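# Chain and residue survey
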Amino acid sequence: MPIVTSLRLGIVYSLMLTCASVLSACSRDAEAEAPADAMPTEVGVVTLDAHPVTLTSELTGRTVASTASDVRPQVDGIVKDRLFQEGTLVEAGQPLYQIDDRAYRTALDTAQAQLENARAVLATDRAKADRYKRLGTNSISAQDFDDAVSAANAALANVHLYEASVETAKLNLEYTRVLAPIAGRIGRSSVTAGALVSAAQTTALASIQQLDPIYVDIAQSATDLLKTRQTIAEGKLRAPTAEVHLKFDDGSEFPLAGTMEFSEATVDQQAGTVTLRARFPNPDGILLPGMFVRVTVPQGTLTNAILAPQQGIMRDAKGDAVALVVDASNKVERRSVAAGEAIGTTWLITDGLASGDRLVVEGADKAKAGSAVTAVDVKLD
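Residues numbered from 1 in each chain as written. Predicted model: local features only at pLDDT ≥ 70, side-chain atom pairs only at ≥ 80, totals over all residues. Heavy atoms only, no water.

### Here's the deal with the pairing of strand β16 (residues 332-336)
Of the strand pairs in this sheet, strand β15 (residues 321-326) and β16 are connected by 5 bridges, and their pairing is antiparallel. The residue of β16 that forms the bridge with Val326 is Val332. Between β15 and β16, which pair antiparallel in sequence order, lie 5 residues; one of them, Asn330, sits at a positive phi of approximately 60°. (Pairing = 2+ DSSP bridges. Helix = DSSP H or I, 4+ residues; strand = E, 2+ residues; numbered from the N terminus.)

### As for the pattern of salt bridges
Counted under the stated rule, the structure contains 10 salt bridges. Taking the shortest distance from any N to any O, the salt bridge between Glu163 and Arg119 comes out at 3.4 Å. Pair noted here: Glu163 is in helix α3 (residues 142-175) and Arg119 is in helix α2 (residues 102-135), with a separation of 44 residues, a long-range link. Owing to a relative accessible area of 30%, Glu163 belongs among the partly exposed residues under this scheme. The class of Arg119 is partly exposed, set by a relative accessible area of 43%. Among the salt bridges present, the one from Arg277 reaches Asp217, with a minimum N-O distance of 2.7 Å. Here Asp217 lies in strand β9 (residues 206-221) and Arg277 lies in strand β12 (residues 273-280), a separation of 60 residues in the sequence. (Salt bridge = Lys/Arg side-chain N within 4 Å of Asp/Glu carboxyl O. Buried < 20%, exposed > 50% of the residue type's maximum accessible area, 1.4 Å probe, protein only.)

### A closer look at the packing of α2 against α3
Where α2 meets α3, the axes come as close as 8 Å, and the angle between the chain directions of the two elements is 160°. Between α2 and α3, the angle is such that the two are roughly antiparallel. The chirality of how α2 crosses α3 is left-handed. Along the lines of polarity and charge, the residues of the contact of α2 with α3 split into 22 nonpolar, 5 polar and 9 charged. (Axes fitted to C-alpha atoms, helices over the stretch in contact; angles between N-to-C directions. Parallel < 35°, antiparallel > 145°, perpendicular 65-115°, else oblique. Left-handed = near helix turned anticlockwise from the far one by under 90°. Nonpolar A, V, L, I, M, F, W, Y, C, P; charged D, E, K, R; others polar.)

### Details of the sheet that holds strand β3 (residues 77-82)
Pairing is antiparallel in the open sheet, where 4 strands are placed in the order β6-β5-β3-β8. Each edge of the open sheet carries a strand with a single partner, namely β6 (177-179) and β8 (196-197). Looking at chain direction, strand β5 (residues 95-99) and β6 are connected through 3 bridges and run antiparallel. The partner of Tyr97 across the bridge, within β6, is Val178.

### Quick word on the nonpolar core
In this structure, Val71, Leu96, Tyr97, Ile186, Leu205 and Ile208 are the most contacted members of the largest nonpolar core, which totals 28 residues. Only β5, α2, α3 and β9 provide two or more residues apiece to this core. No other element matches the 6 residues that α2 contributes to this core. (Core = buried A, V, L, I, M, F, W, Y, C linked by side-chain atoms within 4.5 Å.)

### A look at the layout of surface pockets
Space inside the largest pocket adds up to approximately 270 Å³. Along the wall of the largest pocket there are 15 residues; nearest its centre are Leu225, Pro240, Met260, Leu276 and Pro298. Counting residues per element, the ones that place at least two in the lining of the largest pocket are α4 (222-233), β11 (258-263) and β13 (292-309). Residue classes in the lining of the largest pocket are distributed as 9 nonpolar, 5 polar and 1 charged. Of the volumes computed, that of the second largest pocket is approximately 220 Å³. Lining the second largest pocket are 14 residues, with Leu55, Thr231, Leu237, Leu302 and Glu341 sitting closest to its centre. Counting residues per element, the ones that place at least two in the lining of the second largest pocket are β2 (50-71), α4, β13, β17 (338-343) and β18 (346-351). (1 Å grid on protein atoms, 1.4 Å probe; cavity = no way out; pocket = protein on both sides within 12 Å on 5 of 7 lines; lining within 4 Å. Points joined across faces, edges and corners; volume = space filled by probe spheres on them.)

### A short note on the side chain of Arg335
With respect to the secondary-structure elements, Arg335 resides in strand β16. Of the polar contacts made by the side chain of Arg335, one reaches the backbone oxygen of Gly352; its length is 3.3 Å. (Polar contact = N/O pair within 3.5 Å; in protein donor to acceptor, adjacent residues only side chain to side chain.)

### Details of unusual backbone geometry
A cis amide bond links Asp212 to the next residue, Pro213, at an omega of 0°. In this structure, Asn330 is a non-glycine residue whose phi angle is positive, near 60°. Of note, Asn330 is situated in the loop between β15 and β16.

### Description of the pairing of strand β19 (residues 358-362)
Across 4 bridges, the pairing between strand β1 (residues 41-47) and β19 is antiparallel. Paired with Gly44 across the strands is Glu362, a residue of β19. Sheet analysis places β15 next to β19, joined by 2 bridges and oriented antiparallel. When the bridges of β19 are listed, Val325 appears paired with Leu359.

### A closer look at the environment of Val178
Here Val178 lies in strand β6. By relative accessible area, which is 5% here, Val178 ends up buried. Apart from residues lying up to four places away in sequence, Val178 is in contact with Val71, Arg72, Gln94, Pro95, Leu96, Tyr97, Ile99 and Leu205. (Contact = heavy atoms within 4.5 Å.)

### Notes on the packing of aromatic side chains
According to the stated counting rule, one finds 3 aromatic pairs in the structure shown. Ring plane angle 80° and centroid distance 5.4 Å describe the contact between Phe84 and Tyr97, whose orientation is recorded as edge-to-face. Within this pair, whereas Phe84 is found in the loop between β3 and β4 (89-90), its partner Tyr97 is found in strand β5, the two being separated by 13 residues in sequence. Each of the two residues, Phe84 as well as Tyr97, counts as buried. Site record: aromatic cluster; members linked through ring pairs are Phe248, Phe254 and Phe280. (Phe/Tyr/Trp six-rings, centres within 6.5 Å; stacked < 30°, edge-to-face > 60°.)

Right under this line is the structure:
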């Protein structure tokens, strides 16, 4: 190889080594100076605050008429007329059907005539007994006097008997006009004019239901109900309010609030549930018996509850809930928390966070445990 070429290769090799050394030194200087010059990561935080929170459960229920009654005949006869319009509101005591009353008027006239005859016989027998009493035992025998007194007493008994017959006849005549037993909305009629009805029939003429107010029967797990009552007894929860709210099966809300009435004292052995009953005002008749609804029932009130925004609670590889908190020295602290039920856009935190903690809700992916950060308060909707 020529000497000139070897010299050129040596010079090039020396220059490459020099450049590599310079670049390596610059890189080390940049790495040494980077931590001193870098700005802390900016994160958005929300300061937690403890306040009372009412815990609720959404349970299923069915609407039930607050009062219901079947309209039944109390005498036999032919229906002459229906006196109401189906599906309308009726008042208690309002006439609904008219049964042919001619036979019952005749029975009343007969009973009244028998009563008048019995009263006439009573007057005669009493007069005879009084006359025998004035004559004394010197004019009549004691047997005749006793017979006269006995006849008068028998006549009085007949008067009482026919008085009862008259009252029965009047009552049967009244029953030919079938009245509404309660106020409410009446359904369809099972008979028309001309139908034969009987006091012994099992089919009702119509049904009346009172819809304002209306009841909602709610099924709740007996286990959950027992746990809630135990928690209240231990003082961890305050007793709930009686106000409840209702949603239809399409998710729309009923505008009026209801109140809890009572809970059954027995448990359904097959379903393991207890029936709760709520009472709702229903002035417009929107709620109808038999509707499927969802009811938000208060279970109790936590006096110092911590609600954390859901974006501030994460899950680790094991699925446990964790949160990043900025401490007093503006360093990130990673905490394991116990997240209970979801309330709106927040989690109910039962352990791991306290009032005054600054929870990281923005920039958590850039913040590392132990690193210094700049905390900026954010307002969440």
